[in-house]
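Coordinates in review
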Amino acid sequence: MAGGTLLNVVLFLPLLGALVAAILPRGEGSQHKAWALFVSLVVFLASLGLWFGFDPSRGAPEFQFETSVPWISALGIGYHVGLDGVALLLVMLTTALMPIVILAAWNSAQERVKEFFIALLFLETAMIGTFAALDLILFYVFYEAILIPMYLLIGVWGSSNRVYATVKFFVYTFAASVLMLVAILYVWMNDGKSFDYVVARNALQVTPAVGALLFGAFALAFAVKVPMFPLHTWLPDAHTEAPTAGSVILAGVLLKMGTFGFFRYAMPLFPEAALQYRGTIAAVATFGIAYGALMCFVQTDMKRLVAYSSVSHLGFVMLGMMAITAEGLTGSVYQMLNHGVSTGGLFLLVGMLYERRHTRLISEYGGLAKQVPWIATAFLVVTFSSIGLPGTNGFVGEFLILSGTWLSRLRSPGWYAAFGATGVVLGAVYMLVLVQKVFFGKITNPENRHLPDFSVREAFVITPVILLIVVMGLAPQPFLDPAKSSVDRLLARMQAAEQKLRKADPDLRPLTGTDPVALAFARPPAVPAAAPEPPPPGAAPAHGSH
Amino acid sequence: MPSSLDIAALLPFLLLVLGALVLMMSEVFLTSGGRGYQSGLTIAFGVAAAAAVPFAPQRVLFGGQAVSDGFSGFVAVVVCAGLVLSALLGRGWLTVRNMERGEYYALALFGASGMVLLGMATDLLLAFIAIEVMSLAVYSMAAYPRRGQRAPEAAFKYFILGSFASAILLYGSALFYGATGSTLLSSMRGGGGALLAAGLSLVLVGLAFKVAAVPFHAWTPDVYEGAPTPATAFMAAGVKAAAFAFLTRGVLAMVAGTPYAVGSELGGVLGFLAVLTMVVGNLFALPQRNVKRMLAYSSIAHAGYLLVGVVATTSPAARSQGLSAVLVYLAAYAFTVIGAFSVLAVLERRDPNPDVSAGGAWDISRFAGLASRRPWLAFAMAIFMLSLAGVPPTAGFVAKLSIFQSAAAANAWGLAVVGVLTSILGVYYYLRVVVAMYMRPAEVEEPSPAHATVVVAIAVTALVVVVVGFSPEPLAAWARAAVLGM
């Protein structure tokens, strides 16, 4: 199929580019930069073909651009790739961020330029592969292969404490994901010996107790990657020590692998277990929102501050996903993209300031707005997106998540929503305080008097980010459309699981979809299509699943 | 009378023996024009022996004492690959130290012939002979540099402990003979009783020593460290492959013939050994600053992972999967570890008096900053380290995956979990080498340029590790075909 070929091209072109770069002469760094930029731009253009070729309509097949051939047939492992809407969005995020990142790293990688850009291109293939894989082992391979270039990016080109940070990053992530490998093997044993995701999802037969363990193994791997409180401690170190390119990719794409993993693997494969533990996960996510936000107040290092804000933002994504309502899930997917764009943008801008002053300490700055008005403006726009100001993309995501949580059938959802909303409030405070400390007031540090504003290259770096923020804020529909069918399918899967649970326990309170009582505030009660056979209002017993 | 088919089945073994004899003679008669050709001759015999494997017919030999089948063929190829690569490494290593002699290659060929024979053995007596041929050659290779004290000390230690293990193996064989009236593995069929159990336990102990399974591993670090690096590489790749081949055959025979496998006693004992070996090997490798010693402990850990595959073969549902997983693992490990030792050999300090440098010759600081001085060498070492750690996309990952998959098929979930958890430790100590190469400034003098043959060895092994990592199908399919009918 032609579409399948296109996905394979997008997937392997960066790797091919990396191989070509390996033979280019070492001495000519600019040649490597230009080559990497060229390859990433071609990949982006090719991925536009995926974007426009994707059919988001209801009747379209779930996975498009599919290729399925045996890879290691002796072990039963296939090369099966394809994209659903969410994967498509994340692949687009990856291919769009990559040229920006390469352009941003133009001058920052001074030594071993060749290896730097080879690592970036290798990373791109691995990232796209993680989103495109439809075979569990293939997914695991890409998921783990990411660690190698990222480990080098942080460890070789990072700042002073880089070795500690990169080893922590590698060991933390690797340790969390090995149990997922065992879980994958267990799935293989119990779905008729297939590693294929589509087969596994339909054929997997496990007891609830085992299902919970398997869900736990997957969830642990992804929770570290997200990262969810209290497994987040590798993130501030990795972000702080990584070079700008590493931070942007880490925030923009790598963290999404955790949330994507929940969306694609942990929840659809083990829906019963997901329903059982969603309350716990949502509570932890909500706590993480507030915790991450509060940690931001005490940071003296800009990158560390942005890193903790990531913990908070990803908490929103997880909360929306665990709400298991159409709004929550959609918002969660949208927030993944937003976080990639806005936090990526923040890291880009912090990186630019760092290149000028070689410090990330907030106290070293102050009053920059007079000196570098364009950087200040861009920073403010990205900040608005990060704190979810209406008109920016952040608002759409956070609104959907909070309303989805409010309407959900989590136990006392109002508390989750209310507690989560503190993150929005705190987020506005710490980000605006940061902007004020860095950009406004008087220039106290004489070294800040002669900083140059955007160069042409930097303008090219930041303009697409700003454009995305505005377009995704004002016209979110084109970005929501591809996600819709994926969200609907996941919701239907969770509802089917709920019905199965109800067969075992007829008194089970409704778990998925929106709560008609909560909706009654907004419109007259109606039988929601989302929850089949809802018990009469008020008859729902207070005790829930076990 | 041996038929021509018997000869054909034994051809790989015979070629290696012939090669050993030729090399011995060459040292006597043909050294006036230099010794450069000797390694070439060794490689030629190694390649010829490997090339003879596909032509070896499936056949029972020596009245059932040995068998030529796909499994023995696979082991023979792995052993020959180990021989060829370590001869390439030996050529460079020995030449620059002015130690190159024909005996070294003759010993290597004798050792390889013993390994190939061990891969075919289905009889305790023949296995004992094969083990002795292999071991005596390897002891001597370990003692090869006569200057200094470390190598002789290592060899002596290896010899004493190895002989002790051989004696235990022999004692076990005697009890086995007493119980069954034969030394053929197949004579276990229908057997039982305390005498057989005692005999089999002692045989198992002897083999556990050879594969360096905990608690019979204590010799490994000192011997690996003290032996000349090419010999260590050969040991790690070849001895392990051959010993595991016979261990696996023995376990299969026990499963088929004795009541021990039914009540999962056998699986329990082997599983216990596997857990102990994985945990201890990885834990002891953690604090090592001496890279050669770290690789020694890591070889213990890898024996643990291989034992997991052997345990899987005790379950009927997972037998063929376990067998092919063991083969894939042996092949992947052989290439990776020879590559790693080759890089180590390049960086090794060349002191006139090797005792002064002690462990410092392989200290991790010698790797510091390697990536900026020798980017390709560092890149190759990084590949080997990642492969040993089992990170995709390398051969090591494919090997670990197939081992754990076979454990899953055997429902040995505990072993799979312990396996993946201990491999986390592995990531830490293997990455330390990568950290040193890529993220630390150089501390020591520029390493001397690598000998051309060593470069070839490193390039070939690195290429194999990466290619198998990306496209493991040929290797996996070959291993799968090799164990058909076992």
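For clarity, every value in this text was computed on a predicted model and none was experimentally measured.

1. So, the overall build of chain B
Assigned secondary structure in chain B consists of 19 helices and 2 strands. Relative to the compact-globule value of 23 Å for 486 residues, chain B shows a C-alpha radius of gyration of 21 Å, a close match. Partitioning the contacts of chain B with sequence separation of at least 6, the portion at a separation of at least 24 is 79%. Computed over 26 positive and 19 negative side-chain charges, the separation of the two mean positions in chain B equals 3 Å.

2. Points about the overall build of chain A
Within chain A, the regular secondary structure consists of 21 helices and 2 strands. By residue count, 63% of the 546 residues in chain A fall in the buried class. Here chain A displays about 18800 Å² of accessible surface, and carbon together with sulfur accounts for 69% of that area.

3. Let's talk about the nonpolar core
Residues Phe-218, Phe-262 and Phe-439 of chain A together with Phe-367, Met-385, Met-437 and Tyr-438 of chain B are the most contacted members of the largest nonpolar core, which totals 395 residues. Considering each element in turn, this core owes the most residues, 21 residues, to helix H12 (residues 319–347) of chain B. Setting aside chain neighbours within four positions, we find Met-385 of chain B in contact with Met-294, Leu-295, Ala-340, Tyr-430, Val-433 and Val-434 of chain B.

4. Points about the packing of H12 of chain B against helix H15 (residues 375–389) of chain B
All names here are of chain B. Two numbers describe how H12 lies on H15: the axes approach to 9 Å, and their chain directions differ by 140 degrees. Taken as axis vectors, H12 and H15 run oblique relative to one another. H15 is crossed by H12, and the crossing has left-handed handedness. Touching Tyr-333, Thr-336, Gly-339, Ala-340, Val-343, Val-346 and Leu-347 of H12 are Leu-377, Met-381, Phe-384, Met-385, Ser-387 and Leu-388, all from H15.

5. Some thoughts on the pattern of salt bridges
Using the criterion set out here, one finds 23 salt bridges over all chains in the structure. Ionic pairing is found between Glu-498 of chain A and Arg-502 of chain A, a salt bridge with its closest N-O pair at 3.1 Å. Of this pair, Glu-498 of chain A and Arg-502 of chain A both sit in helix H20 (residues 477–504), 4 residues apart, which is roughly one turn of that helix. Here the two residues Glu-498 of chain A and Arg-502 of chain A agree in accessibility, since each one is buried. Members of the salt-bridge network, linked through shared partners, are Arg-150, Glu-153, Lys-157, Asp-222, Glu-225 and Arg-293 of chain B.

6. Remarks on the environment of Ala-132 of chain A
All names here are of chain A. Mapped onto the elements, Ala-132 comes out in helix H4 (residues 113–132). Judged by relative accessible area, Ala-132 falls into the buried class, the value being 0%. Setting aside its immediate chain neighbours within four residues, Ala-132 contacts Leu-7, His-80, Val-81, Gly-82 and Leu-83.

7. Brief notes about the side chain of Thr-313 of chain B
Residue and element names in this part refer to chain B. Along the chain, Thr-313 falls in helix H11 (residues 291–313). Relative accessible area serves as the criterion here: at 0%, Thr-313 is assigned to the buried category. At a separation of 2.4 Å, a polar atom in the side chain of Thr-313 contacts the main-chain carbonyl oxygen of Val-310. The residues touching Thr-313, leaving out its near neighbours within four places in the chain, are Thr-248, Val-251, Leu-252, Arg-319, Gly-322 and Leu-323.

8. Considerations on the interface of chain B and chain A
At the interface, 41 residues of chain B touch 40 residues of chain A. Around 3500 Å² of area is buried between chain B and chain A when both sides are counted, 78% of it from carbon and sulfur atoms. Three residues stand out in chain B for area buried against chain A, namely Gln-405, Trp-413 and Met-439 of chain B, and they jointly supply 18% of the buried area on that side. Among the secondary structure elements, those contributing two or more residues to the side of chain B that touches chain A are helix H14 (370–373), H15, helix H16 (395–409), helix H17 (413–439), helix H18 (452–470) and helix H19 (473–482) of chain B. The biggest single contributor to the side of chain B that touches chain A is H17 of chain B, with 14 residues. Residue composition of the side of chain B that touches chain A, grouped by class: 30 nonpolar, 8 polar and 3 charged.

9. Some details on the environment of Ile-23 of chain A
Mapping Ile-23 of chain A onto the fold places it in helix H1 (residues 2–23). Sequence separation of Ile-23 of chain A and Lys-114 of chain A is 91 residues, and the distance between their C-alpha atoms is 9.9 Å.

10. Brief notes about the packing of aromatic side chains
All names here are of chain A. Within the structure shown, the criterion is met by 42 aromatic pairs over all chains. Taken together, a centroid distance of 6.3 Å and an interplanar angle of 40 degrees make the contact between Phe-54 and Phe-65 tilted. With Phe-54 in the loop between helix H2 (29–53) and strand E1 (64–72) and Phe-65 in strand E1, the pair connects residues that are 11 residues apart, well separated along the chain. Each member of the pair Phe-54 and Phe-65 is classed as buried. Where Phe-169 meets Trp-234, the ring centres are 5.4 Å apart and the plane angle is 50 degrees; that geometry is what we call tilted. Placement of the pair is Phe-169 in helix H7 (residues 162–190) and Trp-234 in helix H10 (residues 234–241), with a sequence separation of 65 residues.

11. Some details on the pairing of strand E2 (residues 77–83) of chain A
Residues and elements named next belong to chain A. Within E2, 7 of the 7 residues are buried, which leaves the element mostly enclosed by the surrounding structure. Where burial is concerned, the two faces of E2 agree: the one with Ile-77, Tyr-79, Val-81 and Leu-83 and the one with Gly-78, His-80 and Gly-82 are both buried. With 6 bridges joining them, E1 and E2 adopt antiparallel strand pairing. Across the sheet, Ile-72 pairs through a bridge with Ile-77, a residue of E2. Two successive antiparallel strands, E1 and E2, enclose a turn made up of 4 residues, where Gly-76 displays a positive phi of approximately 75 degrees.

12. Observations regarding H18 of chain B
One full turn of an α-helix is made of 3.6 residues, so residues set three or four places apart face in the same direction. The terminal C-alpha atoms of H18 of chain B, which comprises 19 residues, lie 27 Å apart, in line with the 27 Å expected from a rise of 1.5 Å per residue. Residues Thr-453, Val-454, Ala-457, Ile-458, Thr-461, Ala-462, Val-465, Val-468 and Gly-469 of chain B constitute the buried set of H18 of chain B. Taken around the axis of H18 of chain B, the buried residues stretch over an arc of 165 degrees, which confines them to a single face. Turned more than 90 degrees from where H18 of chain B packs its buried face, Ala-452 and Leu-463 of chain B sit exposed. On its buried face, H18 of chain B is in contact with E1 of chain A together with helix H3 (70–96), H12, H15, H16 and H19 of chain B.

13. Digging into a nonpolar patch on the surface
Residues and elements named next belong to chain A. Nonpolar side chains collect at one region of the surface, where Leu-294, Phe-297, Val-298, Val-425, Val-429 and Val-433 lie side by side and expose about 500 Å² of accessible area between them. Of all the elements in the fold, those that place two or more residues in the nonpolar patch are helix H12 (271–297) and helix H18 (413–439). Ranked by residues supplied to the nonpolar patch, first place goes to H18 with 3 residues. Along the chain, Val-425 falls in helix H18. The exposure class of Val-425 is exposed, given its relative accessible area of 55%.

14. Considering the confidence of the model for chain B
With 95% of its residues at a pLDDT of 70 or more, chain B has an overall mean of 89. For this predicted complex, the interface confidence comes out at an ipTM of 0.89, alongside a pTM of 0.90.

15. Quick notes on the side chain of Lys-303 of chain A
Residues and elements named next belong to chain A. Turning to its location among the elements, Lys-303 is positioned in helix H13 (residues 302–323). No salt bridge is formed by the buried Lys-303; the nearest opposite charge belongs to Asp-301, separated by 7.5 Å. A polar side-chain atom of Lys-303 sits 2.6 Å from the main-chain carbonyl oxygen of Ala-242. At 3.2 Å, the side chain of Lys-303 and the side chain of Ser-247 are in polar contact. In this view, Lys-303 contacts His-239, Thr-240, Ala-242, Pro-243, Thr-244, Ser-247, Phe-347, Val-350 and Arg-360; residues no more than four positions away in its chain are not counted.

16. Re the packing of H13 of chain A against helix H14 (residues 326–357) of chain A
Residues and elements named next belong to chain A. Closest axis-to-axis distance for the H13/H14 pair is 8 Å, and the angle between their directions is 175 degrees. Taken together, the axes of H13 and H14 lie roughly antiparallel to each other. Mapping the contact onto sequence places Met-302, Lys-303, Val-306, Ala-307, Ser-310, His-313, Leu-314, Val-317, Gly-320 and Met-321 in H13 and Gly-328, Leu-329, Ser-332, Gln-335, Met-336, His-339, Thr-343, Leu-346, Phe-347, Val-350 and Leu-353 in H14. Residue classes in the contact of H13 with H14 are distributed as 12 nonpolar, 8 polar and 1 charged.

Definitions and cut-offs
- Counting restarts for each chain, with residues numbered from 1 along the sequence as it is written.
- Think of it this way: whatever chain is written first is A, whatever ligand is written first is 1, and the rest follow in order.
- Where totals are concerned, whole chains, interfaces and linings use all residues; where local detail is concerned, this predicted model gives features only for residues with pLDDT of at least 70, and gives and counts side-chain atom pairs only at 80 or more.
- In computing side-chain values, all of the structure's heavy atoms are included and hydrogens and water are not.
- Secondary structure elements follow DSSP: runs of H or I of four or more residues count as helices, runs of E of two or more count as strands, with numbering from the N terminus.
- Radius of gyration: over C-alpha atoms. The globule rule applied is 2.2 Å multiplied by the number of residues raised to the 0.38 power.
- Any pair of residues with heavy atoms lying within 4.5 Å of one another is described as a contacting pair.
- Note that His is not counted, nor are the chain ends; the positive residues are Lys and Arg, and the negative ones are Asp and Glu.
- Taken as the charge centre is NZ of Lys, CZ of Arg, CG of Asp or CD of Glu, depending on the residue.
- For every residue, the accessible area obtained with a 1.4 Å probe (protein chains only) is divided by the maximum for its type, and the residue is called buried under 20%, exposed over 50%, and partly exposed between those limits.
- Computed with a 1.4 Å probe, the accessible areas rest on the Shrake-Rupley method; for each residue, only the protein chains presented here act as cover.
- What we call a nonpolar core is a set of buried Ala, Val, Leu, Ile, Met, Phe, Trp, Tyr and Cys residues that are connected through their side-chain atoms within 4.5 Å.
- Orientation is described by axes fitted as lines to C-alpha atoms, over the contacting stretch for helices, and by angles from 0 to 180 degrees between their N-to-C directions.
- Working rule for angles: under 35 degrees goes down as roughly parallel, over 145 as roughly antiparallel, 65 to 115 as roughly perpendicular, anything else as oblique.
- Crossing handedness follows the turn of the near helix against the far one: under a right angle anticlockwise gives a left-handed crossing, and clockwise gives a right-handed one.
- When a carboxyl oxygen of Asp or Glu lies within 4 Å of a side-chain nitrogen of Lys or Arg, that pair is called a salt bridge.
- As used in this structure description, the phrase polar contact means that two N or O atoms lie within 3.5 Å; if the pair is within protein, one of them must be able to donate a hydrogen and the other to accept it, and residues adjacent in sequence are counted only when both atoms belong to side chains.
- Summed over both partners, buried area is the accessible surface (1.4 Å probe) that two parts give up on being assembled.
- Classification used: nonpolar for Ala, Val, Leu, Ile, Met, Phe, Trp, Tyr, Cys and Pro, charged for Asp, Glu, Lys and Arg, polar for all others including Gly.
- Planes of paired rings set the category: under 30 degrees apart is stacked, over 60 is edge-to-face and the rest tilted, where pairs are Phe, Tyr or Trp rings (Trp by its six-membered ring) whose centres lie within 6.5 Å.
- The rule for pairing is simple: two strands pair if DSSP sees at least two bridges between them.
- Residue count minus one, scaled by 1.5 Å, sets the expected span of a helix.
- This arc is built from the directions going out from the helix axis to the C-beta atoms.
- Patches here are clusters of residues that have more than 30% relative accessible area and form no salt bridge, with a 9 Å joining cutoff for like charges and a 5 Å cutoff for nonpolar side chains (Val, Leu, Ile, Met, Phe, Trp, Tyr).
- For every residue, the pLDDT score states the predictor's confidence, bounded by 0 at the bottom and 100 at the top.

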